[in-house]
Amino acid sequence: MSEALAFEGVGFAYGGTPVLRDLALRVEAGELTGLLGPNGAGKTTCVRLAAGSLTPQRGVVRLFGRDLRAYPAHERARAVAVVPQESPLEFEFRVHEIVAMGRSPHQGLLGLESAEDRRAVAEALRVTGMAEHAARPLAALSGGEKQRVILARALAQHPRLLLLDEPTAHLDLKHRLAIYGLLQRLHGEGLTTLVVSHDLNLAAAHCARLVLFRCGEVVADGPPRAVLRREILREVYEVDLEVRQDGEGGAPFVVPL
Amino acid sequence: MLLLSVALALGLGNPAAGFAELGAALRGTLEGPGRTILLDIRLPRVLLGALVGAALASAGVAFQAVLRNPLADPFLLGVSGGALLGRVLWASLGASDPLDPGLGAPLAAFAGALATLGILFGLTRAGGGTRSVTLLLVGVVLNAFFSAVVLFLLTAGDTSRTRDLFFLLVGTLPSPSWEVLAMVATLVVGSVLGLALGAHRLNLLSLGDETAAHLGVRVERATWATIAVASLATAAAVAFAGIIGFVGLVVPHGLRLVLGPDHRRLLPGAALGGAAFLVLADAGARTLLQPVQLPVGVLTAGIGGPFFLVLLWRRLRGAGA
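Just so you know, these numbers come straight off a predicted model, no measurement behind them.

Reading the values: the criteria
Residues numbered from 1 in each chain as written. Chains lettered and ligands numbered in written order. Predicted model: local features only at pLDDT ≥ 70, side-chain atom pairs only at ≥ 80, totals over all residues. Helix = DSSP H or I, 4+ residues; strand = E, 2+ residues; numbered from the N terminus. Rg over C-alpha atoms; globule rule 2.2 N^0.38 Å. Buried ≥ 20, exposed ≤ 12 C-beta atoms within 10 Å, placed from the backbone. Pairing = 2+ DSSP bridges. Axes fitted to C-alpha atoms, helices over the stretch in contact; angles between N-to-C directions. Contact = placed C-beta atoms within 7 Å. Nonpolar A, V, L, I, M, F, W, Y, C, P; charged D, E, K, R; others polar. Parallel < 35°, antiparallel > 145°, perpendicular 65-115°, else oblique. Left-handed = near helix turned anticlockwise from the far one by under 90°.

Caption draft 1: Seen up close, the overall build of chain A. A tally of regular secondary structure across chain A gives 9 helices and 12 strands. Computed over C-alpha atoms, the radius of gyration of chain A comes to 18 Å, within 12% of the 18 Å expected from 2.2 N^0.38 for 257 residues, which places it in the range of a compact globule. Dimensions of chain A, computed from the C-alpha atoms along their principal axes, are close to 55 × 40 × 35 Å. The buried share of chain A, taken over its 257 residues, is 42%.

Caption draft 2: Up close: the overall build of chain B. Across its full length, chain B holds 15 helices and 0 strands. Expressed as a percentage of the 321 residues in chain B, the buried residues total 52%.

Caption draft 3: Layout of the environment of N69(B). Considering the arrangement of structural elements, one finds N69(B) in the loop between helix 3 (32-67) and helix 4 (79-93). Counting along the chain gives 28 residues from N69(B) to I41(B), while the straight-line C-alpha distance between them is 38 Å.

Caption draft 4: Region of interest: the sheet that holds strand 3 (residues 32-36) of chain A. All names here are of chain A. Strand order in the open sheet formed by 6 strands is 6-7-8-3-9-10, and the pairing between neighbours is mixed. In this open sheet, the two edge strands, each paired with only one partner strand, are strand 6 (80-83) and strand 10 (217-222). On average, each strand axis in the sheet is inclined to that of its neighbour by 15 degrees, with strand direction left out of account. With 5 bridges connecting them, strand 7 (residues 161-165) and strand 8 (residues 192-196) associate as parallel partners. Within strand 8, the position partnered with L163 by the bridge is L194. Helix 1 (residues 43-51) contacts strand 3, strand 6, strand 7, strand 8 and strand 9 (209-214) of the sheet and is inclined by roughly 145 degrees relative to strand 7.

Caption draft 5: Fine view of the interface of chain A and chain B. With 20 residues of chain A in contact, the opposing surface of chain B contributes 19 residues. Contributing elements (two or more residues each) for the side of chain A that touches chain B: helix 2 (73-79) and strand 6 of chain A. Tallying contributions element by element places helix 2 of chain A first for the side of chain A that touches chain B, with 4 residues. Looking at the side of chain A that touches chain B, its residues break down into 10 nonpolar, 6 polar and 4 charged.

Caption draft 6: The packing of helix 4 (residues 115-127) of chain A against helix 5 (residues 143-156) of chain A, seen in detail. Residue and element names in this part refer to chain A. Relative orientation of the contacting elements helix 4 and helix 5 amounts to 140 degrees, with a least axis distance of 8 Å. As the angle between them shows, helix 4 and helix 5 are arranged oblique. Relative to helix 5, the crossing made by helix 4 is right-handed. Residues A120, V121, A124, L125 and V127 of helix 4 pack against A152, L155 and A156 of helix 5. Split by residue class, the contact of helix 4 with helix 5 holds 8 nonpolar, no polar and no charged.

Caption draft 7: Looking closely at the sheet that holds strand 2 (residues 17-28) of chain A. Residues and elements named next belong to chain A. Spatially, 4 strands are ordered 2-1-4-5 in an open sheet, and the strand pairing comes out antiparallel. Looking at strand neighbours, the two that pair on one side only are strand 2 and strand 5 (66-67), the edges of this open sheet. The sheet contacts of helix 1 involve strand 1 (3-14), strand 2 and strand 4 (58-63), and relative to strand 1 the element is tilted by about 120 degrees.

Caption draft 8: Looking closely at helix 1 of chain A. All names here are of chain A. Burial within helix 1 is extensive, with 7 of its 9 residues counted as buried. Looking at helix 1, one finds that the buried residues are K43, T45, C46, V47, L49, A50 and A51. G52 lies just past helix 1 and shows a positive phi near 85 degrees.

Caption draft 9: Layout of the packing of helix 9 (residues 178-197) of chain B against helix 12 (residues 219-241) of chain B. All names here are of chain B. The geometry of helix 9 relative to helix 12 is characterised by a closest axis approach of 8 Å and an angle of 155 degrees between their N-to-C directions. Accordingly, the angle class assigned to the pair helix 9 and helix 12 is roughly antiparallel. In this structure, helix 9 meets helix 12 at a crossing whose hand is left-handed. Every residue of helix 12 that contacts helix 9 at V180, V184, L187, V188, S191, V192, G194 and L195 is listed here: V229, A230, L232, A233, A236 and F240. A breakdown of the residues in the contact of helix 9 with helix 12 according to their chemical character gives 12 nonpolar, 2 polar and no charged.

Caption draft 10: Broad picture of the environment of S92(B). Residues and elements named next belong to chain B. Within the secondary structure layout, S92 lies in helix 4. S92 gets classed as partly exposed once you count the C-beta atoms within 10 Å, which come to 18. Separated by 73 residues in the primary sequence, S92 and L165 have C-alpha atoms spaced 10 Å apart.

Caption draft 11: Just unusual backbone geometry, in detail. Residues and elements named next belong to chain A. Non-glycine residue F64 carries a positive phi angle of around 45 degrees. On the secondary structure map, F64 appears in the loop between strand 4 and strand 5. Not every positive phi belongs to a glycine, and C215 is a case in point at roughly 50 degrees. Relative to the assigned elements, C215 resides in the loop between strand 9 and strand 10.

Purely geometric numbers; function is a separate question.
Structure representation (structure tokens):
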């Protein structure tokens, strides 16, 4: 396996408050990894560091074997795409216009669209099931549909690494399942994906690897069964809970008590 | 549309020129005082109006994109006021002819506009986003302050140098010389072309700094380049026509309803639309209350003020704030 993303001795603090201390994490190409942990544990900071929105104050973030700081903006945007929690929009762009903006890092100085760009946009709309909504204004869509459009834009970037920061935080169950189902299909096609989630059960059901954060440190890392254990979760989340499992191969699921 | 409004604006006025005279002027066979009025007085004014309208409307679009605020306008942000202050300071230092064709006046106005944007960004971006109400509040205060300083310079300063500049405060289109027109045209056409060529980047910037960066934009650089070019357009307009408000608000807003928000269409559309809008507004200002000639700034503020209030009202109601 080859390395997609690596944090080595990464430290980061907002103001004087340390968020990550000496983080070491390695994501292999092709993995679908869930980042878990309570609020303020450093998951989002992790994503923003990997996206290049933040620069580590200590240590190094490596993307496909190369220091992230060495990437020019265009090249970085061809390597990594981000789906944030929410995407507020001030102007009434239409769905296909939003998705087409994902092609920007593949375009030249003048942003002219090629046939390849149009193909990529059509494909991203198809994969996310948004093709029939292409001409609608984004503002007219539901929260779940909007998030699929933002995911389509990220896919149109043709990234090698996809980062999602709680993409389903504001969505109902049906749309959560739809997003995670999509992530699993993309995983099947070999896309390396890192998804931050507050939903332990959804993450456990869809990700082969979970990483649990607490106060800027990784406290557990491995397959869902190794990470979602009662004694670990009780300590990290500070609530009483139970972990159940259906059958031998099933994913564990967590029930607060 | 633009050509039509230029023709209409040329015809309107005292005395009015008919199609026959316009046709004769086009063929170069017009003679006498009609020729002087039409070609030497009215035509330069109409052309300046077109350039100023194009500059203000495209600057409005650019500011709206980088500030992510559809209410931004060179006048409302205080940028025009800052440009005027730079312009008047320059005049009080020496260059007294208000229609001097040198580059000094527009460059001084450019410096004033840039300084204003520096203040505006420093104040509103320090706290994270650019909240529209904060932004407008800062703009209002800057405007009040700048016009106080300008009035001070115009009344208490060396008035022999500045008395001819009063018309700039209300926004009036003079009849410039061809040299001035050529310079304004170079500055405005250059900046509008610059903005239009970067229009796809305005789309990305309008999504927010972080998203734009994720999509490969060097945000700092692109933002400041946009601001500098939009300020140059504003400065060229303000240096010779003074403060004409709301063009950058009304025209982009109307065109967004027709062309959509994609800046690759909106920006050239706003340049042409702004030109047509101001040419017609000036024709209206010249003729509505004949023989009195209103300053065009009075007319645009008369249209733009209520328009702005309606937009703000709908926005605040929509946000539930």
